[in-house]
Amino acid sequence: MFSTLNLEAARLARLDEARAAARVAKAAGVLESGSEFADLQQLLSNLSGEIVGAVLEGVFPADAPAALWGALRALAVDTKRLWAVQASRTSLPEVVAGRISDVGPSSVTLKLQDGQYLAVPRWLARAVHREEVGDCLAVVTDRLEECSALAYAIAAFDLDASPPKFSPFGRAAPVRDLTKADERLLSGRPAPLQVLVPVTIGT
Amino acid sequence: MSQKVPWRVRPAARRDQKVLAAFRCADPAVSWQVEVEVFIQRDVLEWALDPLAAESDPRLLLVLDRRSKELVGVAAHERQVMSGPDGSFPATKLEVVAVARTWQGRRFEEGTADRPRVSDVVMSAVMTDVSTRVPPRDARVFAVVHQDNARSLALCRRYGLVREMTRPDPSYRRLVTDHRPPKKAARK
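Residues numbered from 1 in each chain as written. Chains lettered and ligands numbered in written order. Predicted model: local features only at pLDDT ≥ 70, side-chain atom pairs only at ≥ 80, totals over all residues.

Trainee: Please give an account of the overall build of chain B that cites residues and values.
Mentor: When you go through chain B residue by residue, the secondary structure sums to 4 helices and 8 strands. Along chain B, helices (α) and strands (β) appear in the sequence β-α-α-β-β-β-α-β-α-β-β-β when read from the amino end. (Helix = DSSP H or I, 4+ residues; strand = E, 2+ residues; numbered from the N terminus.)

Given below as structure tokens:
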């Protein structure tokens, strides 16, 4: 497990920005050797593969322990602080984060922390499980040349909010994961459906 | 000449937004009931009409009283794939099934014993719709029901959702249709 700053250092190294890469890697090392990072690793090592997989995909499962939320929060606060320090000395990609305020057929509207609005392609938001009003989303923009940039979405959490509550509704509902016992149950042939009242579906 | 039934079932359309927004099925003091009502009032139409979800074949059905044209019940379902450590299983998720507060516990044409319960008409409409989709759906149907929702748990059982998978949350049960043992290979 690495800090995002470490990934950023690798990117800078690929761009031949050796000094900047070394500086960011040093900052990443501070984080990765800290107690918050160790706490997160310890917590994740005790959780099921389903929960860890969900967290890595940006979904905080309702059955995940509250301590995990606390550990993520502590690490995010430290990362944000170090990222800001490094960004003032190196050209790190621009990160904007906010909450989805509107969902259209092809885009979602992100209300940013400074009150501005940003349209994001819906498929990009969907890829990180963020396409409902109220969801938190971050967009990273890495300028390549004067007229080109690479943008990617990252699932975001509002770390000042309470841990998310389970809801059975919507396509993001965590209701499709099976255990081995569930798989055994479903391995037979499903019984025919039962209809007790004849019903015609109109148009 | 066949007699018309006192209800009408049809898929929802964009024009139904107002009627769905006014749908009431919850006791305001019961949070899991309010959650259902809010989903129907605010989200279910977008859920059903989402062009990016067309592959899942989402269906939103409205059950109306033929005489008063009142919205009696709402039901929605879609194709989903459930995944585990060893594989995946096609299934249909009952997204929501709800009866309007004023119709809960009633039968169509009150006082007539052979008239079906409103909840049976709503649930039969879902099951009929699932079984007639093209391309055909898998007969594996599941629903996620709050553990205190005794009426819905009983309704699910009546329609064959008699097996229970692991809970997705301590307060919610995940019911699925019965499964028969896999056929053994015929011996020569």
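From this point, the narrative continues.
Trainee: Describe the interface of chain A and chain B, with residues and values.
Mentor: On the side of chain B, 52 residues touch chain A, which itself brings 39 residues to the contact. For the side of chain A that touches chain B, the elements supplying multiple residues, two or more each, are helix 6 (122-127), helix 7 (180-186) and strand 6 (189-190) of chain A. Broken down by element, the residue count for the side of chain A that touches chain B peaks at 6 residues, all from helix 7 of chain A. Among the residues forming the side of chain A that touches chain B, the class breakdown is 20 nonpolar, 9 polar and 10 charged. Strand direction decides the pairing type here: strand 6 of chain A and strand 8 (residues 179-180) of chain B, joined by 2 bridges, are antiparallel. (Contact = placed C-beta atoms within 7 Å. Nonpolar A, V, L, I, M, F, W, Y, C, P; charged D, E, K, R; others polar. Pairing = 2+ DSSP bridges.)

Trainee: Which residues make up helix 2 (residues 31-49) of chain B, and what are the values?
Mentor: Over its 19 residues, helix 2 of chain B runs 26 Å from end to end, which matches the ideal 27 Å to within 8%, given 1.5 Å per residue. Buried within helix 2 of chain B we find Val36, Glu37, Phe39, Ile40, Val44, Leu45, Trp47 and Ala48 of chain B. (Expected span 1.5 Å × (residues − 1). Buried ≥ 20, exposed ≤ 12 C-beta atoms within 10 Å, placed from the backbone.)

Trainee: Tell me about helix 5 (residues 66-87) of chain A, and name the residues and values.
Mentor: Since the α-helix packs 3.6 residues into each turn, any two residues three or four apart lie on the same face. All names here are of chain A. The end-to-end C-alpha separation of helix 5 is 31 Å, in line with the 32 Å expected for 22 residues at 1.5 Å each. Where helix 5 is concerned, the buried positions are Leu68, Ala71, Leu72, Trp83 and Gln86. One face of helix 5 carries all of its buried residues, which in axial projection span an arc of 95°. In helix 5, the exposed positions angled more than 90 degrees off the buried face are occupied by Ala66, Val77, Arg81 and Ala84. Elements that come into contact with the buried residues of helix 5 comprise helix 1 (4-14), helix 2 (18-32) and helix 3 (35-45). (Arc of directions from axis to C-beta.)

Trainee: With reference to specific residues and values, describe the pairing of strand 5 (residues 141-146) of chain B.
Mentor: Residues and elements named next belong to chain B. Burial within strand 5 is extensive, with 5 of its 6 residues counted as buried. Pairing analysis gives 5 bridges linking strand 5 to strand 7 (residues 172-176), with the strands arranged antiparallel. Across the sheet, the residue bridging to histidine 146 is tyrosine 172, located in strand 7.

Trainee: For the nonpolar core, give the residues involved together with the corresponding values.
Mentor: Residues Val44, Val96, Val122 and Val126 of chain B are the most contacted members of the largest nonpolar core, which totals 58 residues. Of the residues forming this core, the biggest block, 8 residues, is contributed by helix 3 (residues 118-131) of chain B. Residues within four places of valine 44 of chain B in sequence aside, it is in contact with Leu20, Phe39, Leu60, Val74, Ala76 and Val96 of chain B. Core analysis: the second largest hydrophobic core is formed by 27 residues, Val24, Ala125, Leu137 and Phe157 of chain A among them. (Core = buried A, V, L, I, M, F, W, Y, C linked by C-beta atoms within 7 Å.)

Trainee: Please give an account of the confidence of the model for chain B that cites residues and values.
Mentor: In the predicted model, chain B carries a mean pLDDT of 91, and the fraction of residues at 70 or more is 93%. Both scores are given for the predicted complex: the pTM is 0.66, the ipTM 0.89. (pLDDT = per-residue confidence, 0-100.)

Trainee: Could you give an account of the sheet that holds strand 6 (residues 163-169) of chain B, with specific residues and numbers?
Mentor: All names here are of chain B. Spatially, the 7 strands line up as an open sheet ordered 1-2-3-4-5-7-6, and their pairing is mixed. Of all the strands in the sheet, the pair left with one neighbour each is strand 1 (7-11) and strand 6. For this sheet the average axis-to-axis angle between neighbouring strands, irrespective of direction, equals 25°. Contacts from helix 2 reach strand 2 (59-65), strand 3 (71-84), strand 4 (87-99) and strand 5 within the one sheet, and its direction differs from that of strand 4 by about 110°. (Axes fitted to C-alpha atoms, helices over the stretch in contact; angles between N-to-C directions.)

Trainee: Tell me about the confidence of the model for chain A, and name the residues and values.
Mentor: Put simply, chain A has an average pLDDT of 86, and 98% of its residues get 70 or more. Summarising per-element confidence for chain A, the mean pLDDT is lowest in helix 4 (residues 49-56) of chain A (81) and highest in strand 3 (residues 117-121) of chain A (94).

Trainee: So what's going on with the packing of helix 1 of chain A against helix 2 of chain A? Which residues, and what values?
Mentor: Residues and elements named next belong to chain A. Put simply, helix 1 and helix 2 touch, their axes get as near as 8 Å, and they point 165° apart. In terms of axis orientation, helix 1 runs roughly antiparallel to helix 2. For the pair helix 1 and helix 2, the sense of crossing is left-handed. Within the contact between the two elements, helix 1 uses Leu5, Asn6, Glu8, Ala9, Leu12 and Ala13 and helix 2 uses Ala18, Ala20, Ala21, Val24, Ala25, Ala27, Ala28, Leu31 and Glu32. (Parallel < 35°, antiparallel > 145°, perpendicular 65-115°, else oblique. Left-handed = near helix turned anticlockwise from the far one by under 90°.)

Trainee: Residue-level account of unusual backbone geometry, with values.
Mentor: Following valine 134 of chain B, the chain continues to proline 135 of chain B via a peptide bond in cis, the omega torsion being -5°. Residue placement: proline 135 of chain B occurs in the loop between helix 3 and strand 5. Of note, histidine 129 of chain A is a non-glycine position whose phi angle comes to about 65°, a positive value. The phi dihedral of lysine 69 of chain B is positive, around 65°, even though this residue is not glycine. Along the polypeptide, lysine 69 of chain B turns up in the loop between strand 2 and strand 3. Residue lysine 69 of chain B is classed as exposed on the basis of its 10 C-beta neighbours within 10 Å.

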